[in-house]
Amino acid sequence: LALLHIYKNGIGFDLSQRDGWLEGVDREMQKHRDILASWGWVRGKKGIKDVYESIAVKLNIEPLLPRSEKSGDLSSKAEDLAPYRKYQFIESFLEYQKLEKASSFVRDITSGRIHPRYNLLVNTGRTSCSSPNFQQLPKLGGIREMFVADPGKTFIITDYSAIELSTLAQVTYSSYGYSVMRDRINAGEDLHRYYASIMNGCEQEDVTKQQRQEAKAANFGFPGGLGTDTFIEFSRGYGLDLTEDVAKEMKDVWFEAFPEMPDYMKNEIGHVFTLTGRKRGNTTFCAEKNTPFQGLAADGAKLALYNLDKAGFKVVGFVHDEILCEVESVDSEELVKEQERIMIDSMKEVVPDVKVGVESMISTYYTK
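Here is a short report on the structure shown in this document. Keep in mind that this is a model prediction, so the values were computed, not measured. (Residues numbered from 1 in each chain as written. Predicted model: local features only at pLDDT ≥ 70, side-chain atom pairs only at ≥ 80, totals over all residues. Heavy atoms only, no water.)

**Thoughts on unusual backbone geometry**
To be explicit about the condition: Put simply, DSSP H or I for four residues or longer makes a helix, DSSP E for two residues or longer makes a strand, and each gets a number counted from the N terminus. Relative accessibility thresholds used throughout: buried, under 20% of the residue-type maximum; exposed, over 50%; partly exposed, between the two (1.4 Å probe, protein chains only).
A cis amide bond links Ser-131 with the next residue in sequence, Pro-132, at an omega value of -5°. Following the sequence through the fold, Pro-132 ends up in the loop between β4 (128–130) and β5 (147–148). Backbone geometry at Ser-131 places phi at a positive 60°, although glycine is not the residue there. On the secondary structure map, Ser-131 appears in the loop between β4 and β5. On the basis of relative accessibility, which here comes to 54%, the residue Ser-131 falls in the exposed class.

**A look at the packing of aromatic side chains**
The description of two aromatic rings rests on the distance between their centres and on the angle between their planes. Stated precisely, the cut-off is as follows: Aromatic contacts are taken between Phe, Tyr and Trp rings whose centres are within 6.5 Å, Trp giving its six-membered ring; a plane angle under 30 degrees counts as stacked, one over 60 as edge-to-face, and the others as tilted. Counted as over-ring charges are cases with an Arg CZ or a Lys NZ within 6 Å of the ring centre that also lie within 35 degrees of the ring normal.
Inspection of every chain in the model, using the stated rule, returns 15 aromatic pairs. Considering the side-chain rings of Phe-134 and Phe-147, the 5.2 Å spacing of their centres and the 75° angle between planes classify their relative orientation as edge-to-face. Within this pair, whereas Phe-134 is found in the loop between β4 and β5, its partner Phe-147 is found in strand β5, the two being separated by 13 residues in sequence. The two residues Phe-134 and Phe-147 agree in class, both being buried. Aromatic rings pair up to connect Tyr-194, Phe-222, Phe-231, Phe-234, Tyr-238, Trp-254, Phe-255 and Phe-258 into one cluster. In this structure, Arg-182 is placed above the aromatic ring of Tyr-173, and the distance from its NZ or CZ to the ring centre is 4.0 Å.

**Focus: helix α3 (residues 48–58)**
We apply this condition: Comment: arc refers to directions from the helix axis out to C-beta atoms. Two residues qualify as a contact provided that any one of their heavy atoms is within 4.5 Å of a heavy atom in the partner residue.
For α3, every residue scored as buried is listed here: Val-51, Tyr-52, Ile-55 and Ala-56. Around the axis of α3, the buried residues are gathered within 140° of arc, so they sit on the same side. Every exposed residue of α3 that faces more than 90 degrees away from the buried side is listed here: Lys-49 and Asp-50. Close packing links the buried residues of α3 with α4 (78–81) and α5 (88–107).

**With respect to the pairing of strand β10 (residues 322–328)**
Quick reminder of the rule: In short, DSSP must find at least two bridges between two strands for them to pair.
Of all the 7 residues making up β10, 6 are buried; the element is thus mostly covered by neighbouring parts of the structure. As paired elements, strand β6 (residues 153–160) and β10 share 7 bridges and run antiparallel to each other. When the bridges of β10 are listed, Phe-155 appears paired with Glu-326. Counting the residues in the hairpin turn of strand β9 (residues 315–318) and β10 gives 3 residues, including His-320, whose phi is positive at 65°.

Here is the structure:
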């Protein structure tokens with residue numbers, strides 16, 4: 001019901017802002033298009049795959065890039081090309097791809113109010129979204145700001161703070177009767193600083209921004225059962241370029257920091273249950289480790305969504321652990337507290353033993 005109401009409510013979109021943004025992006029795309037053309041690469045040109053491969057040979061990176069098992073084509077994926085951005089062609093190729101994808105998403109929106117459709121349940125336990133996919137907006141700056149509240153109204157944007165670490169702590173505590181992760185969260189500690197302090201042999205208050213960023217990659221990557229190689233790949237999303245030895249050390253220290261996790265990682269039985277009783281079958285090892293805490297967070301967030309809707313809030317957006325409500329501007333300061341209370345109380349129904357936190361922002365446009 002709540003997801004249906006979000007679809008019917010829709011969310012405002014500023015077309016004039018979109019048009020100005022597209023003008024700037026088109027200029028930037030043309031700049032990169034000219035650079036690519038100077039190398040002989042032109043979008044839509046016949047034989048473009050051969051041109052791309054010949055350029056990779058010239059740059060001496062052809063042996064370093066993986067090939068598709070099915071077609072044998074050289075990879076052009078951003079994650080595979082990222083280490084070679086020092087080359088002008090690769091830099092422009094990646095930037096052009098990013099701009100093309102983002103601008104295509106924006107161009108497809110032609111109405112001043114969009115009505116995304118939400119699917120209630122996917123394998124992970126989360127929702128999905130389409131037409132457009134509001135849950136996966138391009139990361140390019142300026143796009144979020146195009147989603148705007150109606151005149152005289154504002155958004156209350158509330159998201160759960162590191163909720164999947166809280167749900168993981170609940171799962172381990174419910175399973176084994178203890179959880180260092182739970183104890184640290186309940187003591188009000190930042191788990192990223194806690195792990196980083198152990199990894200770097202320093203006090204939590206002395207942890208640097210870079211060390212905390214490395215810790216975030218570990219805390220969000222290792223619970224899902226990532227091995228060393230897959231963690232190195234995963235950590236690139238956090239701006240890290242780890243060696244195999246460093247990644248292995250980070251994993252070993254992570255298991256020492258959270259001694260409940262070796263038990264959690266044992267066994268693989270091919271199916272898994274959430275604490276709420278939902279079963280996922282035919283699981284891989286990583287899916288089996290991810291689902292209990294990711295699915296539990298999804299269940300709590302959906303419950304919050306329903307309770308907000310039932311309480312009369314006009315919900316206009318739902319992004320996994322974040323809920324957007326549109327309210328009268330004059331009521332926003334009062335309603336933000338109520339929105340936070342409902343979201344915390346709802347999540348506590350499925351996470352009764354671990355502290356749950358939220359963060360809110362009041363804004364006339366979507367931001368994070």
